[in-house]
Every structure is written in structure tokens, then in C-alpha cells.
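Next come the chains, spelled out residue by residue.
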Amino acid sequence: MTTDSLTAEVLRNALVVAAEEASIVVVRSAYSTFIVEGSDASAAVLDARGRLIAHSMATTLMNSMALKLALPELLRDIPPDTMRPGEVYALNDAYRGGVHTNDLLVYRPVFVRDAPAYFTATMIHVSDLGGLSAGGMAPLATDIFLEGLQLPPVRLATADGLEPAIEAILKANSRTPDKVMGDVRALVAGTAVAAARMESLIAEYGEHGLAAGVDAYLDHTEARTRAALAELPEGRFEASYPIDDDGIDPDRHHHVRVAVTLDRRTAALDFAGTGPQVPAAINASASQSLAAAVFAIRCFLDPTIPMNDGCLRAIDVHLPEGSLLNARSPHPCGGRYVPIYAAMEAVFQALSDAVPERAIAASGILQPFSISAVGAPYWIHLSYDFGGVGARRGLDGPDATGVHFGVGRNSVPQVEPVESRCPLIVESIETIPDSGGPGRYRGGLGSRTVYRFLADCHVTTRGDRLRLAPPGREGGLPGRLGGFYRRRLDGTVERLASKVNNVRFAAGEAFVVETTGGGGLGPAAERDREAVLADLDAGRVSARGAAEDYGFSPEDA
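The structure reproduced in this document is the subject of the present report. Model, not experiment: these values are computed from the prediction. (Residues numbered from 1 in each chain as written. Predicted model: local features only at pLDDT ≥ 70, side-chain atom pairs only at ≥ 80, totals over all residues. Heavy atoms only, no water.)

**Re the sheet that holds strand 19 (residues 499–505)**
Going by this rule: Two strands qualify as a pair provided DSSP detects at least 2 bridges between them. For the purposes of this entry, the term helix denotes a DSSP run of H or I that reaches at least four residues, the term strand denotes a run of E that reaches at least two, and both are numbered from the N terminus. Each axis is a line fitted through C-alpha atoms, and for a helix only the stretch in contact is used; angles between axes span 0 to 180 degrees, taken between their N-to-C directions.
Within the open sheet, the four strands sit side by side as 13-12-16-19. Their pairing is antiparallel. Each edge of the sheet is formed by a strand with only one pairing partner; in this case those strands are strand 13 (380–385) and strand 19. Between one strand axis and the next, the sheet turns through 15° on average, direction left out of account. Alignment of strand 12 (residues 367–372) against strand 13, held across six bridges, turns out to be antiparallel.

What follows is the structure, given as C-alpha cells:
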């Protein structure tokens, strides 16, 4: 390791620790079950030029890209020379770098010689900020106003505490005002911890020493990214991926398209040809689509390359304005998972053509849903279950983990805390045999989770890849489709649409979440017999599935 790379690595870890401590503070201080039990909190360090310097280990690309793109918007409305020590700012505007109405972005300036030099930032999905459904799920929203409160860049707090007017607005627009304000205070506290760490680094390295170190660290990351891109074959590779439906018109088709151009030490991703924005919750803001594109490219590069502005310099992403991937007001953006996961998959398939030795079949994705009280006092359970990952060259797909870049450390909260906070029982959680797409390498399995309710409640879902199965590659077969279901008191089971809003369940009824399996890679007839037998022994494949999908008879055992 060279002296430059060693210095960059030491500084990288110091900066990451600053962000990591902030995210831990947010998790431990927040009020929302989803944050406390799922550890879904993000934190980052940026500079006054808007460059992403570091983010916490739990921070997803969806969130760090939002924190990066939204900071210039904040500085456009609130000039740095008007900021004072101890002040904290916030916004959630999806069209100005944000995500959707429930994702609150919070920033604190760190001063050097009376001017902001760095910003510490935190972000979580706060418990509730209005909209059609509790918890920020509005799968049938036809405009942004149905998704919840929109917050432009505002001063959230001063050194004396929260701004009373902003606190009043947030509380007035929430079904769970106490939880929201607990979440907000946690976000503010996280920025304070990271700011203290940055002040220590400034004292240790000096103003100019830290600035030079950051520049060198970003340059080092850029060089590593370009070197990794240079190992990929040059050329233009195109792919597309479909979306099941938009929740409003089940027969209207939507596609995300991409052309990936690899040219020596750069990558250009052009999403021209992607479907236009629609008055339905299947659009995304630019920050989320950028995250999808960058994540997908990074999956084909050295995984040890840090994620910061240096990496972004080597990747050019074009997102047509007014498309599913770069929506404009008033089109809703809350259902961003649907188009950006299609974007991710399209890039995966294009790069699988470019680098077939690293190919991956399509995957089942996360299935978001919320369960909430039908009236005051409100309680909310937000969650998602994960589909199976597509088979990879030489490897079966992992079961029920999803290929994801938008969730926190634990993602799915543990059963016991959920049952203690909400009137429900989690009856079972299991993987589904035969749900992984058959192939020489099998797709990962989907999962089945059953919630039985102890009180009447509303269920809202926002799923996809529940009508159009993730295809296999090179002769591999698609994964098995999942779905959302209601199990009535008499035992009958009803399938729900993939995108439903506030479906009322009665006490005693059960909500069943089944996720989709990943696609297979290569012909199933070429799967190793020992692998089929191992799947039978582990329960991943049933006797019927082994016979029908792999031609495996009892005599083969």
C-alpha cells in the first residue's frame, strides 16, 4: 500500500466513523418502530461545494444520493453566509433532490473561520407526515399532494432548539405527532454528533490539511473507479425492464430502458426511451434513479472502492426530465422503488451481456407494505419482505434477501418488538419451496410471512414483479410469482392487487405476504444432480419440483 493510499484509507475511516456515529444516535433516539427495530437511518458528511465525502455503513445509496443532490438546493434558498453555528435545516422536496414526503433530510453546517465548510446530514423515513395512508404509503396517489406534507428548505432548529413554527406544522400534518417529533429530534441529535467529530478532525489536521486530505481521498477514489471501469469491455449495451402496472390502469404497460456505454475509464448510462411520468405512484425523483444506476454499475466493479464524489466523477447518468425516472411536479414519487428497481435490473442485464462471466438473472424485489390503525389512537407498522436474488454465474441466488440498495442495517424488524408495539401476531416466516427459478444455477427463493390481526386495521401494499415474473438467463426459467393475500375468518384466501390502499382487515383475519423468487441461469437439465439432492434435503425444492423442473426421480437419490 502506498503512502497516498494509506493516508486516504485512514481519513476515509475517520470520516465514515463520524457519519456512522450519527446514524447510531438516530437509531437509538428515534421513536418510530421501523427505525428503532430496523436500524434504518442514514448519515453523511458533505462539503460546502456539495460533494459527498463519506456516509455511514448503513446508509443506502438511495439516501446518500438524496443528501448529495438536495444540499445545493438548500444552499440556493438559504445562502451559506446567512447561516449561524447551531442552526439545522431540513427539506423533503422530491423534485429538489429528495425522495418522497416521509423521508426528511436534515443538515447542520460545520464552520471554519466563520463560514460553513462542511455539512453533516441525517435522514430517515419519519413515522407519518399525512397523505392517503398512514406511514407515507400511498400506492394509488395520482399527484404529490396525496402523498403527504411537502417541505421546502427551511430552518428546522437554532442553537436554542427547534423552530416552534416548523414543529407546529409537522405535528399538525401527522397522525402520530409525538413520534414524528421524536424522530425529528433524533435526526437533529445525529447531525450534532457528526459535527463534533468533524470539528475534531479539523483541529487534528488543520483547516487546510483536512481540505487537502479530502481532495486527495476523492481523487484516490476516482482513480480506483476509473481503473476498475478500464477492466470492462468497451462498447454499447442496451436493455430494458418492465413494470407490472401503475396501480391505476392494470392494462397500461411501462418500461425502463437503458444504454450503457463503456469507454476506457468511464461509464455512461442513458435512460432515453424510458416511459414518460404518469399520474400514478410509479415515478421516481432524480436522486433515487441516480442511486439505482450507480449501484448497478458498482456491482460489477471492485467492491472495496469507497462510495463518494470521486466515484461519481467516472459515471455519467442521463435521466430524461419528465420520465418515470425523473418526475416533475405534481407527479407522485412515493412509489420510487418500482421504477428504480426496474432501472437497476435493466443495467444489470446490459452489463451481464457485456461481462457474461459475471452475469446475473433477474430478481424478485422487496415488497413494501404498511399495517395501521383504522382510527385514533394511531399505530403503524411499516415493513417490506424481500424476494429471491437471481442466479449468478456459478452460484445459486441467495434466498429472500433481494438485491437492494435502499434499506438499512436490519431492514425487516424482529418479530417480538413488532408484536409488543402493534396488535398483531406474526404466525410464521418461511421460504417457499420451488419459488426460485430452475436452472443450472437456481434462483433464490421467495418468502412467506403471515400476520394475524388482533384488532381491525388497514393494510396498504406497493408491490411489483407480482404479475411479470423475473426472467431467467441463458435458458434458465423465471422465478415463481409472489403476492399479497387476505386469509378470512372462514379460512378462504383472497389475492389482493399488488398496489392497494387502506384495505380494511377485521380482527382475526390474516395478511399473507409472499415474495417472488429469482430467475435461474442456464438450462435446468444441466443442474448438477448433487445440487438437486441437496435442495431436496434442505427443503428448497419439493419432490414434485425436482421431478417437474429438473427431471429428478427417486432413483437418482
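This is not the end of the story, as more comes after the structure.
**A word on the nonpolar core**
Where a protein is soluble and globular, its nonpolar side chains tend to be buried together. Short version of the rule: What we call a nonpolar core is a set of buried Ala, Val, Leu, Ile, Met, Phe, Trp, Tyr and Cys residues that are connected through their side-chain atoms within 4.5 Å. For the exposure calls, accessible area comes from a 1.4 Å probe over protein chains only, and a residue counts as buried if that area is under 20% of its type's maximum, exposed if over 50%, partly exposed in between. Two residues form a contact once any of their heavy atoms are found within 4.5 Å.
Core analysis: the biggest nonpolar cluster contains 83 residues, and Tyr107, Val260, Leu269, Phe271 and Ile297 have the highest contact counts within it. With 13 residues, helix 9 (residues 337–354) is the largest single contributor of residues to this core. Once you skip the residues sitting within four places of it in the chain, Val260 turns out to touch Gly235, Arg236, Phe237, Ala268, Leu269, Ile297, Val347, Ala350 and Leu351. Listed in part, the 25 residues of the second largest apolar core include Val26, Val88, Leu149 and Leu187.

**Thoughts on the packing of helix 4 (residues 164–172) against helix 5 (residues 177–205)**
To be explicit about the condition: Should an angle lie under 35 degrees it is considered roughly parallel, over 145 roughly antiparallel, and from 65 to 115 roughly perpendicular; all remaining angles are considered oblique. If you view the pair so one helix is near and one far, a crossing is left-handed when the near helix is turned anticlockwise from the far one by less than a right angle, and right-handed when it is turned clockwise. By the convention adopted, Pro, Cys, Tyr, Trp, Phe, Met, Ile, Leu, Val and Ala count as nonpolar, Lys, Arg, Asp and Glu as charged, and the other residues, Gly among them, as polar.
Between helix 4 and helix 5, whose axes approach to 8 Å, the crossing angle comes to 135°. Classified by the angle their axes make, helix 4 and helix 5 are oblique. The way helix 4 lies across helix 5 gives a crossing that is right-handed. For the pair helix 4 and helix 5, the contacting residues are Glu167, Leu170 and Lys171 in the first and Pro177, Val180, Met181, Val184 and Arg185 in the second. Here the residues of the contact of helix 4 with helix 5 are counted per class, giving five nonpolar, no polar and three charged.

**Looking at the environment of Pro377**
The topology assignment puts Pro377 in the loop between strand 12 and strand 13. When its relative accessible area of 70% is taken as the criterion, Pro377 is described as exposed. Along the chain, Pro377 and Arg175 lie 202 residues apart, while their C-alpha atoms are 8.5 Å from each other.

**Some details on the environment of Ser428**
The residue Ser428 is located in strand 14 (residues 424–431) in this model. On the basis of relative accessibility, which here comes to 25%, the residue Ser428 falls in the partly exposed class. As a C-alpha pair, Ser428 and Thr515 span 87 residues in sequence and 14 Å in three-dimensional space. If near-sequence neighbours (up to four positions away) are discounted, Ser428 is found in contact with Arg448, Thr449 and Val450.

**Side note on the pattern of salt bridges**
What counts here: By convention in these notes, a salt bridge is any Lys or Arg side-chain nitrogen within 4 Å of a carboxyl oxygen on Asp or Glu.
A full pass over the atoms with the stated rule returns 43 salt bridges. A salt bridge links Glu21 to Arg197, with the nearest nitrogen and oxygen atoms 2.7 Å apart. In this pair, Glu21 is assigned in helix 1 (residues 3–29) and Arg197 in helix 5, connecting sequence segments 176 residues apart. Among the residues examined, Glu21 registers a relative accessible area of 26% and is labelled partly exposed. For Arg442, the salt bridge identified is with Asp535, shortest N-O distance 2.9 Å.

**Some thoughts on the sheet that holds strand 10 (residues 266–270)**
Sheet architecture is open: four strands sit in the order 8-9-10-11, paired in mixed fashion. At either margin of the open sheet sits one strand with a lone partner, and together these are strand 8 (235–243) and strand 11 (315–318). Each neighbouring strand pair of the sheet contributes to a mean axis angle of 15°, computed without reference to strand direction. Alignment of strand 10 against strand 11, held across four bridges, turns out to be parallel. When the bridges of strand 11 are listed, Ala267 appears paired with Ile315. Those strands touched by helix 7 (residues 286–298) are strand 9 (254–263), strand 10 and strand 11, and its axis lies near 140° from that of strand 11.

**Quick notes on helix 5**
Note the cut-off: For a helix, the expected span equals 1.5 Å multiplied by the residue count minus one.
With 29 residues, helix 5 extends 42 Å from end C-alpha to end C-alpha; this agrees with the ideal 42 Å at 1.5 Å per step. Positive phi shows up at Gly206, right after helix 5, with a value of about 85°.

**Considering the packing of aromatic side chains**
Defined as follows: In this analysis, rings of Phe, Tyr and Trp, with Trp reduced to its six-membered ring, are considered paired at centre separations within 6.5 Å, and the interplanar angle assigns stacked below 30 degrees, edge-to-face beyond 60, and tilted for intermediate values.
Under the criterion given, the structure shown has 11 aromatic pairs. Aromatic pair Tyr337 and Tyr341: ring centres 5.7 Å apart, planes at 55°, arrangement tilted. With Tyr337 and Tyr341 both in helix 9, this residue pair falls four residues apart, about one helical turn. The two residues Tyr337 and Tyr341 agree in class, both being buried.

**With respect to helix 3 (residues 61–77)**
The criterion, for reference: We define the bend at any residue as the angle between the axes fitted to the seven residues before and including it, ending there, and the seven starting there.
In a regular helix each residue adds 1.5 Å, so 17 residues correspond to 24 Å; helix 3 covers 25 Å between its end C-alpha atoms and thus fits that length. In helix 3, a bend of some 30° at Ala70 exceeds every other bend along the element, and Pro72, a proline, comes one to four places later. Burial within helix 3 is extensive, with 13 of its 17 residues counted as buried.

**Examining the pairing of strand 19**
The two faces of a sheet get side chains in turn, since along a regular strand they alternate between them. Among the seven residues of strand 19, five are classified as buried, and the element is accordingly described as predominantly covered. As defined by bridge partners, strand 16 (residues 457–462) adjoins strand 19 across five bridges and the pair is classed as antiparallel. Within strand 19, the position partnered with Val459 by the bridge is Val503.

**Comments concerning the side chain of Arg226**
Turning to its location among the elements, Arg226 is positioned in helix 6 (residues 207–230). Under the relative-accessibility criterion, Arg226 is labelled buried at 17%. Those residues in contact with Arg226 that lie beyond four places of it in its chain are Arg265, Thr266, Arg313 and Ala314.

**Some remarks on the packing of helix 3 against helix 7**
Packing of helix 3 against helix 7 leaves a shortest axis separation of 8 Å and a crossing angle of 130°. In terms of axis orientation, helix 3 runs oblique to helix 7. The two elements helix 3 and helix 7 meet at a crossing, and its hand is right-handed. Contact with helix 3, carried on its side by Leu61, Met62, Met65, Ala66 and Leu69, involves Ala286, Ser287, Gln288, Leu290, Ala291, Val294 and Phe295 of helix 7 and no other residues of that element. Tallied by class, residues from the contact of helix 3 with helix 7 come to 10 nonpolar, two polar and no charged.

**Notes on unusual backbone geometry**
Following Ser329, the chain continues into Pro330 via a peptide bond in cis, with omega recorded as 10°. With an omega dihedral of -5°, the bond running from Ala376 to Pro377 counts as a cis peptide bond. Despite not being glycine, Glu474 has its phi angle at roughly 55°, a positive value. Inspection of the secondary structure puts Glu474 in the loop between strand 16 and strand 17 (483–487). The phi dihedral of Asn502 falls on the positive side, at around 55°, and the residue is not glycine. Of note, Asn502 is situated in strand 19. The class for Asn502 is partly exposed, based on a relative accessible area of 26%.

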